[in-house]
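# Report on the structure
For reference, the chains in residue letters:
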Amino acid sequence: MALKEEIRRRREQLGMTQLRFALALGITPATVSKWETGVMSPKLKRMADVAKIFGITEQELMFPKKKNEETENET
């Protein structure tokens, strides 16, 4: 899964709109939209902030497990 998809998926799992997510990060909703469409990616410092909101590590954000990998690791 690409970073853009992971950001969107996790934001939606938290029930956050792009506006609410942007406000939590101190950025514009347009920036969130650009991340989620792949026009641009978060800078390294911002990656830490994004991961913190999601309650995961930066590595988990940048290298998400595929659904089938998660299932295999749970058994």
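Scroll up to find the structure this text is about.
Keep in mind it's a predicted model, so treat the numbers as computed, not measured.

Reading the values: rules and limits
- Residues numbered from 1 in each chain as written.
- Predicted model: local features only at pLDDT ≥ 70, side-chain atom pairs only at ≥ 80, totals over all residues.
- Heavy atoms only, no water.
- Phe/Tyr/Trp six-rings, centres within 6.5 Å; stacked < 30°, edge-to-face > 60°.
- Helix = DSSP H or I, 4+ residues; strand = E, 2+ residues; numbered from the N terminus.
- Buried < 20%, exposed > 50% of the residue type's maximum accessible area, 1.4 Å probe, protein only.
- Polar contact = N/O pair within 3.5 Å; in protein donor to acceptor, adjacent residues only side chain to side chain.
- Contact = heavy atoms within 4.5 Å.

### Looking at the packing of aromatic side chains
On inspection of all chains with the given rule, the structure shows 1 aromatic pair. With a centroid separation of 5.4 Å and 5° between ring planes, the pair formed by Phe21 and Phe54 is classed as stacked. Residue Phe21 is found in helix H2 (residues 18–25), and its partner Phe54 is found in helix H4 (residues 44–54); the two are separated by 33 residues along the sequence. Phe54 sits in the buried class, given a relative accessible area of 10%.

### Thoughts on the side chain of Arg10
Note on placement: Arg10 falls in helix H1 (residues 3–13). Given the relative accessible area of 17%, Arg10 is considered buried. There is a polar contact of 2.5 Å between the side chain of Arg10 and the side chain of Glu6. Contacts of Arg10, omitting those with residues within four sequence positions, involve Phe54 and Ile56.

Interpretation in functional terms is not warranted from these geometric data alone.
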